[in-house]
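Summary of the model geometry
Residue-level listing of the chains:
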Amino acid sequence: KNQVEQSPQSLIILEGKNCTLQCNYTVSPFSNLRWYKQDTGRGPVSLTIMTFSENTKSNGRYTATLDADTKQSSLHITASQLSDSASYICVVTLLTGGGNKLTFGTGTQLKVEL
Amino acid sequence: DAGITQSPRHKVTETGTPVTLRCHQTENHRYMYWYRQDPGHGLRLIHYSYGVKDTDKGEVSDGYSVSRSKTEDFLLTLESATSSQTSVYFCAISESGQGGGSPLHFGNGTRLTVT
């Protein structure tokens, strides 16, 4: 079964600290992996998209890494800010003969405190 | 924010009644999608459209229908609402097909409660 597992489920950090969120997947064959940020009461917003041949992708203070061999990805947030408080969702694209299929993780809920 | 508007933002309805949710885009993107988001589940695809009057089912399509008569509008109808359809519904758009190189742009959701 194609799955995307994210850890931890929730995380609390102090403003200014760094953190790393994990995504493990069993999706195969795999096309690309995406990270989205979802603020409370809003729709998800794309942070990064990586193909299977890319190892890292940055978007400001957000850096995503991908190891296609171990089927693991991480999202590193540097110098966290209160506005980083959100759910972070990992999404993996499965290649199928009938068209691609997206599998969404359940997200990591991050809270940044003073 | 991408130009996506969902209406209504909140709705409470009774079991057995039909409900229509609307998604309107100003980006002229070809692809439009309806997802539902429930606690403990990742976003799940209900239906999607790849052009005017061209639609297809997603993984959780039972009890739902869609229509797209114009590029900018994508309607989701719950034919006879049930309590299991209580959820937050998101519309999304993209320039390329699902899983392609362009990201999904999401609306801000419709919170639907079926009593």
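Just so it is clear, the structure is predicted and the values come from calculations on it, not from any experiment.

Attention shifts here to the environment of Tyr-64 of chain B. Residues and elements named next belong to chain B. Here Tyr-64 lies in strand β7 (residues 64-70). Taking relative accessible area as the criterion, Tyr-64 reaches 6% and is therefore assigned buried. For the pair Tyr-64 and Glu-79, spaced 15 residues apart in the sequence, the C-alpha separation amounts to 6.3 Å. Not counting residues up to four positions away in its chain, the partners in contact with Tyr-64 are Arg-36, Ile-46, His-47, Leu-76, Thr-77, Leu-78, Glu-79, Gln-85 and Tyr-89.

Residue and element names in this part refer to chain A. With respect to the helices and strands, Ser-80 occurs in the loop between β8 (72-77) and β9 (86-94). Among the polar contacts made by the side chain of Ser-80, one reaches the main-chain carbonyl oxygen of Lys-17 at a distance of 2.8 Å. Each residue touching Ser-80, except ones within four places of it in the same chain, is listed here: Ile-13, Leu-14, Glu-15, Gly-16, Lys-17, Arg-61 and Val-112.

On to the pairing of strand β4 (residues 31-37) of chain B. It is a general feature of regular strands that their side chains alternate between the two faces of the sheet. Residues and elements named next belong to chain B. Along β4, six of the seven residues are buried, which leaves the element largely enclosed by surrounding structure. Sheet topology places β4 next to strand β9 (residues 87-94); seven bridges connect them, and they run antiparallel. Bridge assignment links Gln-37 to a residue of β9, and that residue is Val-88. Where β4 meets strand β5 (residues 44-51), five bridges bridge the pair, whose relative direction is antiparallel. Within β5, the residue paired with Tyr-35 across the bridge is Leu-45. Between β4 and β5, which pair antiparallel and follow one another directly, the connecting turn spans six residues, one of which, Gly-40, has a positive phi of 85°.

The rules behind each value
- Residues numbered from 1 in each chain as written.
- Chains lettered and ligands numbered in written order.
- Predicted model: local features only at pLDDT ≥ 70, side-chain atom pairs only at ≥ 80, totals over all residues.
- Heavy atoms only, no water.
- Helix = DSSP H or I, 4+ residues; strand = E, 2+ residues; numbered from the N terminus.
- Buried < 20%, exposed > 50% of the residue type's maximum accessible area, 1.4 Å probe, protein only.
- Contact = heavy atoms within 4.5 Å.
- Polar contact = N/O pair within 3.5 Å; in protein donor to acceptor, adjacent residues only side chain to side chain.
- Pairing = 2+ DSSP bridges.

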